[in-house]
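# Commentary on secondary and tertiary structure
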6 protein chains.
Amino acid sequence: MSTRGRQKASDRLSVLAVGAHPDDVEVGCFGTLLKHRDAGHEVTVAITTRGGYGKRTWNQIEEESKNASKILGIDYIVLDNKIGHYEMNWKTVSELDDIISRCAIDTVYTVWHGDSHQDHRLTFQNVLAACRTKSVRNLYCCEMSEYSYRSNSTFNARYFVDISRFIEKKIQAVKAYKSYITPKHIDAILGLARHRGLACDTEYAEAFEPIFNIWK
Amino acid sequence: MSTRGRQKASDRLSVLAVGAHPDDVEVGCFGTLLKHRDAGHEVTVAITTRGGYGKRTWNQIEEESKNASKILGIDYIVLDNKIGHYEMNWKTVSELDDIISRCAIDTVYTVWHGDSHQDHRLTFQNVLAACRTKSVRNLYCCEMSEYSYRSNSTFNARYFVDISRFIEKKIQAVKAYKSYITPKHIDAILGLARHRGLACDTEYAEAFEPIFNIWK
Amino acid sequence: MSTRGRQKASDRLSVLAVGAHPDDVEVGCFGTLLKHRDAGHEVTVAITTRGGYGKRTWNQIEEESKNASKILGIDYIVLDNKIGHYEMNWKTVSELDDIISRCAIDTVYTVWHGDSHQDHRLTFQNVLAACRTKSVRNLYCCEMSEYSYRSNSTFNARYFVDISRFIEKKIQAVKAYKSYITPKHIDAILGLARHRGLACDTEYAEAFEPIFNIWK
Amino acid sequence: MSTRGRQKASDRLSVLAVGAHPDDVEVGCFGTLLKHRDAGHEVTVAITTRGGYGKRTWNQIEEESKNASKILGIDYIVLDNKIGHYEMNWKTVSELDDIISRCAIDTVYTVWHGDSHQDHRLTFQNVLAACRTKSVRNLYCCEMSEYSYRSNSTFNARYFVDISRFIEKKIQAVKAYKSYITPKHIDAILGLARHRGLACDTEYAEAFEPIFNIWK
Amino acid sequence: MSTRGRQKASDRLSVLAVGAHPDDVEVGCFGTLLKHRDAGHEVTVAITTRGGYGKRTWNQIEEESKNASKILGIDYIVLDNKIGHYEMNWKTVSELDDIISRCAIDTVYTVWHGDSHQDHRLTFQNVLAACRTKSVRNLYCCEMSEYSYRSNSTFNARYFVDISRFIEKKIQAVKAYKSYITPKHIDAILGLARHRGLACDTEYAEAFEPIFNIWK
Amino acid sequence: MSTRGRQKASDRLSVLAVGAHPDDVEVGCFGTLLKHRDAGHEVTVAITTRGGYGKRTWNQIEEESKNASKILGIDYIVLDNKIGHYEMNWKTVSELDDIISRCAIDTVYTVWHGDSHQDHRLTFQNVLAACRTKSVRNLYCCEMSEYSYRSNSTFNARYFVDISRFIEKKIQAVKAYKSYITPKHIDAILGLARHRGLACDTEYAEAFEPIFNIWK
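Everything numeric in this text was worked out from a predicted model, so none of it was measured. (Residues numbered from 1 in each chain as written. Chains lettered and ligands numbered in written order. Predicted model: local features only at pLDDT ≥ 70, side-chain atom pairs only at ≥ 80, totals over all residues. Heavy atoms only, no water.)

## Remarks on the overall build of chain A
The line we're drawing: Each helix corresponds to a stretch of at least 4 residues labelled H or I by DSSP, and each strand to a stretch of at least 2 residues labelled E; elements are numbered beginning at the N terminus. Computation of the radius of gyration draws on C-alpha atoms alone. For the globule rule, the value is 2.2 Å times the number of residues to the power 0.38. Only protein chains enter the area calculation, which uses a 1.4 Å probe; residues under 20% of their type maximum are buried, those over 50% are exposed, and those in between are partly exposed. What makes two residues a contact is simply this: any of their non-hydrogen atoms within 4.5 Å.
For chain A, the helix and strand inventory stands at six helices and nine strands. Taking 216 residues into account, the globule formula puts the C-alpha radius of gyration at 17 Å, and chain A, at 16 Å, falls close to it. Summarising its shape, the C-alpha atoms of chain A cover approximately 55 × 40 × 35 Å along the three principal directions. Burial statistics for chain A: of 216 residues in total, 69% are counted as buried. Residue pairs in contact within chain A that sit at least 24 positions apart in sequence constitute 80% of those at least 6 positions apart.

Below you can see the structure in the form of structure tokens.
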């Protein structure tokens, strides 16, 4: 009944995670999404681009992505932008606006503004623009193992989520991308989670860079 | 029973606000402290230095501070460090450790690390050291009208708290420092709260720079 | 005849303010522009995009903009770029080059490079490119209430202009955008000016992030 | 009689330069001080520490400093703090307060907050604290050739002063420190001035990091 | 046979310098490229755009560029993108991928991410994307005299290369661009090299902002 | 004979690692020190403070530290400053000066300037001051798992060292601190090394923030 920290106890958070490509959400915030689900919150996932990459076809990627999404128990929304030809534009902002409005989203996780991959940077910019909607009270960027060091910016980890109870399912989801993910990726993802876990005095954690938080 | 956003519904946050001088807490986060109280959270306030300043004696300041603290309904803890001769040292860290441990503090608000006033910068450093205690899950710096622009750093406002229901009491608390506070201060404090209120789509808000947040 | 601070006494500054949309200049630097006028300086205003937005038609916006511009007593130059489809390109840089050269501009105010709105970020980039012209000795970004907190950067306020004598006319100009501006906007704009005013030991001020200043 | 840019035409700026050691002011802002003098402004110089360093005695340094100060035509104020044992404290802030108040200082140049030398960092902190005085409207940090790269921060050059007419006298002043300054120093100082001169489309310039500017 | 610092003694570094326009490489890192050559390393140079600029035709620029490249004794690779219409895209990334793969590049120098010229910023982004290739172990941005101060970012000089033995040839290469380069440019370039030389306790140096370094 | 990348092939690097407390060097850069040793470089280790901490006596810590140092095969130098009462002062800088001069040190690793622990921040400041010595050409800060997130700054990882061949000995050295180190620490240290290893396309790496590098 009373306010408890950042949200009313009666709040059932409505969370949106936006990746640039399938696997961004699994690598970046899957444990946190599972934790939100476990807490009774709504979870929606959107991917801003589609298309094959390197030797992997879109069919293959899409199938792997579906296997990952089953672990969360929802279907991902995949926007119709061609991978590598993505742009900051009003069309994508509008599509994100629609999702945010339809699902009354209050909490958003997305890829990092400083990432070396342009699809990631542009996805961030589109998400940021869509988050002007008044319902959105929290916006975070995800930390990802592989590309974050190849950047002229520095990931500013300030928010840590204990995902110890969800680490197995996170790894299972990442492994769904079997045409791409190697044991070295898994080791790095587990390793980063261990490292961030120390911050929470726990086993495994995911870290985020907060863009804004509002306690209404 | 279920997790709700950043804390368990069963959580009753235990909040500590640490000022360098009386009036820091009133100017920086009094609305947010009232909101925590209203939400049923524990609130503790500590001041790291004591002593007269300019033409104001400590007796005068202490009395004004007591009048302000009555609005929150608690007694402030005043550490025994002489104003202007404050240091970063283990004695103060220990005293803060004791408060954090005794009150099982999980959420801390304090003055800004980039402030031009050395008592503020050193208070931040001592608080940061004390926040190594595992119980602390949230640490924020307060935004203050008067000195923040005279700095070589920039206040990084990322967390906004709607204090519309508490603005009157906040102003009342600030006005308790009647030997010091002028109408111009009140206008600036109200003005900043209006400006930050726009971020929350509300009337009045306080802004904070987050140092870390943990969702356990 | 002698040099006085940053410019020769014989200098009559020639000021250009560049907004991305009508109302940017009114919200961001109208008080400062009025102060420049009052000091006998030339003032030119350019808007980089045109077009309706949300439910507001361009006709409506243009008429409101004209009403605002009358308070400054000049006509705004509106470049022919479609709102939301604006780009960083040589065409716009050329058009700004022409204005800077024709009016012998030495001082430029524009929107903030870190703003969440892409039209603002791109306008900044085009203005920055145009400011390579040797006549330009001062470049500033404006602080705006509404969007600045929704960003991954932080507005670095370092230059403060006392606009106490011009606050009424500034508010009058902002109110000209009657199809858009609400009392909450006015409160936030006045509030921010009060807050920044404390920095100047005055009633109302506008704040800017300096990009460069040259004292020749 | 009218306002001209940042200051009233009737303004006769009153400038204070604060070095940590003799030679800081000569290397960092001597050209700009000469330009202020040439423009009819008051110029005051203070040094925060005294004492021999390496093989150089204080007598030697003091004499060299006097020779340099003659070029500016004023006596430097030397505070009584021992070199290398300098502290951030109220005593020094008070002494700077007195100078600022006595000379009605409005414009201050000092050493850089990010310098690797602790005397420089502490001098900056003391100067910043003293600049809370309302008369001070401009505060800048100087760029210096020798130590600035050995730092964990980055000098943020934003203000450039054309000193082409004063470069000879600046070099003459630097050379006054003959027990210390080598041709390599002179080359580096001239080189930096050439490099910064390109920003002003001129021959020689000094660069500064602005902390704050106020146009009243 | 043993490892020596950052690379195996048996390593013969393979260096790529990428400019946005002819003359970027000469101004930014020509001394360092000559030093690599002198150390027996492979050096490759690529330019991402072509086309006339201002009053200079591409024929003229190309001829000047060839004269400069002769000093290094290699032919530059010029990609087929029109100056001023350059984009961040997969085509350019692919072309850079090919060069990196063909020449087994391990060390890359390019233009600065914070430069005011969009061709420079976009070239950096494309180079950064291409540097995801595993063979690349070092990526640096070059410091350039003319535009770096007209930016909202700050060049973060951390890597310094003593080019005293190569300064004459560097200046000769820069002078090859005789339709553009004036004595003022030469003075500024020499001046910056003198200034950075002080960091190396030498006569002339080039400075770089490191993006990443790997010691395998 | 010829120059190879950053140093002459004839160079035998002389490396100094400076910790604030025993275990800093093991956690932060032990793998890299072992790699330097393996490459035939000189390695020296200094600790700036001594004293018991929490329930651990200095005797206990010293013995553990000796066990760790045996793995590197050298004795650590322990300066005589009391833990927690450490200061930035000329005495410590002098002692570091002596070590640097005696061992002709060219490469220095130390604790991070932004660490929440004051002994770490002050050790960095003292080391930075000592690194003004001309022989020092490389200075790096170490990344450490436990405290780095509790800071108002962000660790800027740019230099990565593949330590796969040395990870076992690093872990063995960390485990020498048996009165303090728990399996959770080991997991976090291994995890961070795995995460940073991905940057090098290898198994395990240590990351550093470069302060400066010079190629003479």
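That shown, we press on.
## Here's the deal with the packing of helix α5 (residues 167-175) of chain C against helix α6 (residues 183-199) of chain C
Residue and element names in this part refer to chain C. The following threshold applies: What counts as an axis is a line fitted to C-alpha atoms, over the stretch in contact for a helix, and the angles between N-to-C directions run from 0 to 180 degrees. When an angle is under 35 degrees it counts as roughly parallel; over 145 it counts as roughly antiparallel; between 65 and 115 it counts as roughly perpendicular; any other value is oblique. The handedness criterion is simple: a crossing whose near helix is rotated anticlockwise from the far helix by less than a right angle is left-handed, and one whose near helix is rotated clockwise is right-handed.
The interhelical angle for the contact between α5 and α6, taken along N-to-C directions, is 150 degrees, at an axis separation of 11 Å. Here α5 is positioned roughly antiparallel relative to α6, judged by the angle of their axes. When you trace α5 past α6, the crossing you get is right-handed. Of the residues in α6, those touching α5 at I167, K170, I171, V174 and K175 are I186, I189, L190 and A193.

## Remarks on the relation of the copies chain A and chain C
Stated precisely, the cut-off is as follows: Residues reaching a pLDDT of at least 70 in both copies supply the C-alpha atoms on which the copies are superposed by least squares.
Least-squares fitting of chain A to chain C yields an RMSD of 0.0 Å, with the superposition described by an axial translation of 0.0 Å and a rotation of 120 degrees. Look at the turn and shift together and you get a three-fold axis relating the two.

## Here we look at the environment of D:W58
Here D:W58 shows up in helix α2 (residues 58-72). With 36 residues separating them in the primary sequence, D:W58 and D:P22 have C-alpha atoms 10 Å apart.

## Some remarks on unusual backbone geometry
Positive phi, close to 95 degrees, is recorded for F:D23, a residue that is not glycine. Relative to the elements of secondary structure, F:D23 occurs in the loop between β3 (14-19) and α1 (24-38).

## Description of the side chain of F:H21
All names here are of chain F. Put simply, the rule is: Side-chain atoms alone can form a polar contact between residues adjacent in sequence; in general such a contact is a pair of N or O atoms within 3.5 Å, and within protein one must be able to donate a hydrogen while the other accepts it.
With respect to the element layout, H21 can be found in the loop between β3 and α1. Engagement of the side chain of H21 in a polar contact is seen with the side chain of H120, the distance being 3.5 Å. Contact partners of H21, with chain neighbours within four places excluded, come to I47, T49, I83, H117, D119 and H120.

## Observations concerning helix α3 (residues 90-102) of chain C
Residue and element names in this part refer to chain C. Test applied: Expected helix span is given by 1.5 Å per residue-to-residue step, counting one fewer step than there are residues.
With 13 residues, α3 should reach 18 Å at 1.5 Å per residue; the first-to-last C-alpha distance of 18 Å fits that figure. Looking at the buried positions of α3, the neighbouring elements they touch are β3 (14-19), β4 (42-47), β5 (77-78) and α4 (118-130). At the C-terminal side of α3, A104 shows a positive phi close to 50 degrees.

## Side note on the packing of aromatic side chains
Our working rule: A pair of Phe, Tyr and Trp rings is counted when the ring centres sit within 6.5 Å of each other, with Trp represented by its six-membered ring. The angle between the planes then sorts it: under 30 degrees is stacked, over 60 is edge-to-face, the rest tilted. In our convention, an over-ring charge means Lys NZ or Arg CZ found within 6 Å of a ring centre and within 35 degrees of that ring's normal.
What the rule picks out here adds up to 36 aromatic pairs over all chains. With centroids separated by 5.6 Å and ring planes inclined at 70 degrees, the aromatic side chains of F:W112 and F:F155 adopt a geometry described as edge-to-face. Note that F:W112 is positioned in the loop between β6 (107-110) and α4 (118-130) and F:F155 in the loop between β7 (138-142) and β8 (159-162), a separation of 43 residues in sequence. Taken together, the ring pairs connect A:Y109, A:Y140, A:Y159 and A:F208 into an aromatic cluster. One residue, A:K35, lies across the ring of B:W215, its end atom 4.9 Å from the ring centre.

## Concerning the interface of chain A and chain C
Quick note on the threshold: Throughout, the accessible surface (probe 1.4 Å) given up by two parts as they are put together, summed over both, is called the buried area. For this document, the term salt bridge refers to a Lys or Arg side-chain nitrogen within 4 Å of an Asp or Glu carboxyl oxygen. Residues are grouped as follows: Ala, Val, Leu, Ile, Met, Phe, Trp, Tyr, Cys and Pro are nonpolar; Asp, Glu, Lys and Arg are charged; all remaining types, including Gly, are polar.
Between chain A and chain C, the contact holds 15 residues from the first and 14 residues from the second. Carbon and sulfur atoms make up 55% of the area that chain A and chain C hide from each other, which totals about 1200 Å². Counting every contact that joins chain A to chain C gives zero salt bridges. Among the elements of the structure, α4 (118-130) and β9 (205-215) of chain A are those that each provide at least two residues to the side of chain A that touches chain C. Within the side of chain A that touches chain C, the residues separate by chemical class into nine nonpolar, four polar and two charged.

## Details of the environment of B:N138
All names here are of chain B. When you line up the elements, N138 lands in strand β7 (residues 138-142). On the accessibility criterion, N138 (7% relative accessible area) is buried. Residues N138 and V15 lie 123 residues apart in sequence; the distance between their C-alpha atoms is 9.3 Å. Those residues in contact with N138, other than ones at most four positions away along the chain, are D106, T107, V108, F212, N213 and I214.

## Remarks on the pattern of salt bridges
Scanning the entire structure with this criterion turns up 60 salt bridges over all chains. A:E64 is paired through a salt bridge with A:R56; the nearest N and O atoms lie 3.3 Å apart. We note that A:E64, like A:R56, is buried. The salt bridge partner of B:E206 is B:K170, with a shortest N-O separation of 2.6 Å.

## Examining the confidence of the model for chain A
All names here are of chain A. Short version of the rule: Residue-level confidence of the predictor is what pLDDT reports, using numbers from 0 through 100.
Put simply, chain A has an average pLDDT of 90, and 92% of its residues get 70 or more. Low pLDDT, under 50, characterises residues 1-10; the predicted model gives this stretch 32 contacts beyond four residues in sequence or across chains. Across the whole predicted complex the pTM is 0.95, and at the interface the ipTM reaches 0.92.

## Observations concerning the pairing of β7(B)
Residue and element names in this part refer to chain B. We apply this condition: When DSSP finds two or more bridges between a pair of strands, those strands are recorded as paired.
Among the five residues in β7, five count as buried, and that is most of the element. With burial as the criterion, each face of β7 is covered, one bearing N138, Y140 and C142 and the other bearing L139 and C141. With four bridges connecting them, strand β6 (residues 107-110) and β7 associate as parallel partners. Within the sheet, the bridge partner assigned to T110 lies in β7 and is C141.

## A word on the arrangement of the chains
Contact between chain A and chain D is absent, and the least distance between their C-alpha atoms amounts to 14 Å. The two units chain C and chain F are non-contacting; their minimal C-alpha-C-alpha distance is 14 Å.

## Digging into helix α5 (residues 167-175) of chain A
Residue and element names in this part refer to chain A. Note the following rule: As used here, the arc belongs to the directions running from the helix axis to the C-beta atoms.
Turning to α5, its buried residues number three or more, namely I167, K170, I171, A173 and V174. Across the axial projection of α5, the buried residues extend over an arc of 160 degrees, all falling on one side. Summarising the contacts, the buried residues of α5 are in contact with α1 (24-38), α2 (58-72), α6 (183-199) and β9.

## Let's talk about the packing of helix α1 (residues 24-38) of chain D against helix α5 (residues 167-175) of chain D
Residue and element names in this part refer to chain D. Running from amino to carboxyl end, α1 crosses α5 at an angle of 145 degrees, the nearest separation of the two axes being 9 Å. In this structure, α1 crosses over α5, and the sense of that crossing is right-handed. For the pair α1 and α5, the contacting residues are E26, V27, G28, F30, G31 and L34 in the first and K169, K170, A173 and V174 in the second.

## Examining the side chain of A:D119
Residue and element names in this part refer to chain A. Rules: Charged-residue counts in this description rest on Lys and Arg as positive and Asp and Glu as negative, His and the chain ends being excluded.
Relative to the helices and strands, D119 is located in helix α4. R121 is the oppositely charged side chain nearest to the buried, salt-bridge-free D119, at an N-O distance of 8.6 Å. A polar contact of 2.9 Å, which involves the side chain of D119, links it to the side chain of H21.

## So, the pairing of strand β9 (residues 205-215) of chain B
All names here are of chain B. The buried fraction of β9 amounts to eleven of the eleven residues, a majority that puts the element mostly inside the structure. Judged from the five bridges that link them, β7 and β9 form a sheet pairing that is antiparallel. Note on β9: the bridge partner recorded for L139 is F212.

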